[in-house]
Amino acid sequence: MIPMIIDTDPGVDDAMAIAYALSHPDIELLALTTVFGNTHLDGTTRNARWLLEQFGATKVDVARGAGVPLIQAARPHAEFVHGADGIGNIYPAGPTRHADLHFESAAEYIIAAARARPGEITLVAVGPLTNIAAALALEPALPALLQSLVIMGGTLDEPGNVTPAAEANFFNDPHAADVVLGVDWPVRIVGLDVTHRIMITDSDLDRIGNAGTRSGRLIRDVSRHYVDFYTTSGAARGLGSEPCCAMHDAAAIACVVMPDAFDYTTGPARVVPDGMASGQLLMDRKRYAYATSWWEDRPATSVCTAVDAERVRADFLSRLVNGDILA
Ligand code: RIB
Ligand code: CA
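Described below are features of the structure shown in this document. Quick caveat: nothing in here was measured; it's all calculated off a predicted structure.

1. Observations regarding the overall build of the protein
Part 1 of the reasoning: Regarding its fold elements, the protein presents 13 helices and 11 strands.
Part 2 of the reasoning: The globule rule puts the C-alpha radius of gyration for 327 residues at 20 Å, and the 18 Å found for the protein is close to it.
Part 3 of the reasoning: Viewed in the frame of its principal axes, the protein has a C-alpha envelope of about 60 × 45 × 35 Å.
Part 4 of the reasoning: Looking at the protein residue by residue over its 327 residues, the buried ones come to 61%.
Part 5 of the reasoning: In the protein, the proportion of contacts linking residues at least 24 apart, taken out of those at least 6 apart, comes to 81%.
Part 6 of the reasoning: In the form shown here, the protein has an accessible surface area of approximately 12,700 Å², with 53% of it arising from carbon and sulfur atoms.
Part 7 of the reasoning: Computed over 24 positive and 40 negative side-chain charges, the separation of the two mean positions in the protein equals 3 Å.

Right, here's the structure in full:
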């Protein structure tokens, strides 16, 4: 079993990732730690709790994290992509029963969990990296306490999804992303170079929704607004022929359970902090001899460059269709 914490901003594709992790027999999901992003922090935390409640995952902790980026002013949330509630406009009014751990921040929770099981936990970060940077500031030994870190964020060669240069999670807190990639630890980045190759179609979502499970129906329902966005905004242009959407965050889960489905390139990496290219992921793939101070002492980071998309898609679909989360 892979003990896992997902740091998340739910988020439609975050919901897909959570469902995938819960339905995978090799993953022990310990917690969701929340961060602003697809909507404000109150919304992402409420959504995390509600999704777990809907999935019957009563033992999974929720720890509330950062509501704003490390340094820059907060950018607009992505409600136009994920719905006014962040999960496809299907959140029913009213409180959820699933409690979050008010006494700890997400960063403190991650540190405490890692100290309790040193070297065991895989942290999967699928929102802005603010909580991870905060955890590093509180506990610089965190890298040695974790098994690994898998990040959904950034893009090397694929155009960005919020600007020509930037992917949303890195754009929303580029300073935090640059801090995280400056630390020497086993990091794998699952960015748009691969997530835009794995598209989930309307037919796939119908298959999931008609599988006769509550979790399947929920994933189909949360995805409707998101697929509409991909279709009407042109975000899916060139990526699929029928209405479809990317399952970004679920691809990060796939990278944990089937790392050999991905190709990687490894090198020093940075994230542009400000300006027109803010949030852009850069890697020194040429190993320039004339290192500037910007690139000195940067550790190697692995970024996914290619994926066996059919294998990942098939595994995701079969877990959601056959491996119902609910008893
Ligand atoms: O760019 C895609 C990422 O941004 C995903 O994690 C999505 O949920 C949003 O947070
Ligand atoms: Ca996300």
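2. Some remarks on the packing of aromatic side chains
Part 1 of the reasoning: Taken as a whole and judged by the stated rule, the model has 5 aromatic pairs.
Part 2 of the reasoning: Ring-pair connections join several aromatic residues into one group, and the members of that group are Phe80, Tyr226, Phe229 and Tyr230.
Part 3 of the reasoning: Above the face of the tyrosine 91 ring, arginine 46 is positioned so that its terminal group lies 4.3 Å from the ring centre.
Part 4 of the reasoning: The cationic tip of arginine 75 hangs over the ring face of phenylalanine 171; the distance from NZ or CZ to the ring centre is 3.7 Å.

3. With respect to the nonpolar core
Part 1 of the reasoning: With 68 residues, the main nonpolar core has Phe262 and Phe316 as its most contacted residues.
Part 2 of the reasoning: Ignoring any residue separated from it by four or fewer positions in sequence, one finds phenylalanine 262 in contact with Val190, Val194, Ala251, Ala254, Cys255, Cys304, Ala306, Val307 and Val312.
Part 3 of the reasoning: Of all hydrophobic cores here, the second largest spans 37 residues; its members include Leu30, Leu129, Leu142 and Ile189.

4. A look at the coordination of the calcium ion (ligand 2)
Part 1 of the reasoning: Distances from the calcium ion (ligand 2) to its protein donors, namely Asp9 (OD), Asp14 (OD), Asp14 (OD), Val126 (O) and Asp249 (OD), fall within the range 2.3 to 2.7 Å.
Part 2 of the reasoning: Considered as a linear motif, the donors of the calcium ion (ligand 2) on their single chain read D-x4-D-x111-V-x122-D. Note that aspartate 9 is positioned in the loop between β1 (2–8) and α1 (12–23) and valine 126 in the loop between β4 (122–125) and α5 (130–138), a separation of 117 residues in sequence.
Part 3 of the reasoning: Valine 126 gets classed as buried once you look at its relative accessible area, which sits at 1%.

5. Some points on the packing of helix α2 (residues 41–55) against helix α11 (residues 214–233)
Part 1 of the reasoning: As a packed pair, α2 and α11 sit with axes 9 Å apart at the nearest point and diverge in direction by 145 degrees. In contact with Trp50, Leu51, Glu53, Gln54 and Phe55 of α2, α11 contributes Arg214, Ser215, Leu218 and Ile219.
Part 2 of the reasoning: A class-by-class count of the residues in the contact of α2 with α11 yields 5 nonpolar, 2 polar and 2 charged.

6. Section: a nonpolar patch on the surface
Part 1 of the reasoning: Side chains of Leu70, Ile71 and Val179 sit close together on the surface and give an oily, nonpolar patch of about 270 Å² of accessible area.
Part 2 of the reasoning: One can find isoleucine 71 in the loop between β3 (61–63) and α3 (79–82).

7. Describing the pairing of strand β6 (residues 187–190)
Successive side chains on a regular strand alternate, one facing one side of the sheet and the next facing the other.
Part 1 of the reasoning: What you see with β6 is no split at all: Val187 and Ile189 on one side and Arg188 and Val190 on the other are buried throughout.
Part 2 of the reasoning: Examined bridge by bridge, strand β5 (residues 148–152) and β6 share 4 bridges and lie parallel to one another. Following the sheet pairing, methionine 152 is matched in β6 by valine 190.
Part 3 of the reasoning: Here β6 pairs with strand β11 (residues 300–307) via 2 bridges, running parallel.

8. Considering the packing of helix α10 (residues 202–209) against α11
Part 1 of the reasoning: Following both chains from N to C, one finds α10 and α11 inclined at 155 degrees, their axes separated by 7 Å at the closest point. Here α10 is positioned roughly antiparallel relative to α11, judged by the angle of their axes. Of the two elements, α10 crosses α11, and the hand of that crossing is left-handed. Only Gly216, Arg217, Ile219, Arg220, Ser223, Arg224 and Val227 of α11 make contact with α10, whose side of the interface consists of Asp202, Leu205, Asp206, Ile208 and Gly209.
Part 2 of the reasoning: Its residues assigned to classes, the contact of α10 with α11 comprises 4 nonpolar, 3 polar and 5 charged.

9. What to know about helix α4 (residues 106–116)
Part 1 of the reasoning: Burial in α4 covers these residues: Ala106, Ala107, Tyr109, Ile110, Ile111, Ala113 and Ala114.
Part 2 of the reasoning: On its buried face, α4 is in contact with β1, β2 (27–34), β3, β4, α5 and α6 (142–145).

10. Details of helix α13 (residues 309–322)
Part 1 of the reasoning: A rise of 1.5 Å per residue sets the reference length of α13, with its 14 residues, at 20 Å; its end C-alpha atoms lie 20 Å apart and thus fit the reference within 8%.
Part 2 of the reasoning: Those residues of α13 that sit buried are Ala309, Val312, Arg313, Asp315, Phe316, Leu317, Leu320 and Val321.

Cut-off values and rules
Residues numbered from 1 in each chain as written. Chains lettered and ligands numbered in written order. Predicted model: local features only at pLDDT ≥ 70, side-chain atom pairs only at ≥ 80, totals over all residues. Heavy atoms only, no water. Helix = DSSP H or I, 4+ residues; strand = E, 2+ residues; numbered from the N terminus. Rg over C-alpha atoms; globule rule 2.2 N^0.38 Å. Buried < 20%, exposed > 50% of the residue type's maximum accessible area, 1.4 Å probe, protein only. Contact = heavy atoms within 4.5 Å. Areas by Shrake-Rupley, 256 points an atom, 1.4 Å probe, with all protein chains shown as cover. Lys, Arg positive; Asp, Glu negative; His and termini not counted. Charge placed at Lys NZ, Arg CZ, Asp CG, Glu CD. Phe/Tyr/Trp six-rings, centres within 6.5 Å; stacked < 30°, edge-to-face > 60°. Lys NZ or Arg CZ within 6 Å of the ring centre and 35° of its normal. Core = buried A, V, L, I, M, F, W, Y, C linked by side-chain atoms within 4.5 Å. Donors = N, O, S within 2.8 Å, 3.2 Å for Na, K, Ca; no water. Axes fitted to C-alpha atoms, helices over the stretch in contact; angles between N-to-C directions. Nonpolar A, V, L, I, M, F, W, Y, C, P; charged D, E, K, R; others polar. Patch = residues over 30% accessible without salt bridge, like charges linked within 9 Å, V, L, I, M, F, W, Y side chains within 5 Å. Salt bridge = Lys/Arg side-chain N within 4 Å of Asp/Glu carboxyl O. Pairing = 2+ DSSP bridges. Parallel < 35°, antiparallel > 145°, perpendicular 65-115°, else oblique. Left-handed = near helix turned anticlockwise from the far one by under 90°. Expected span 1.5 Å × (residues − 1).

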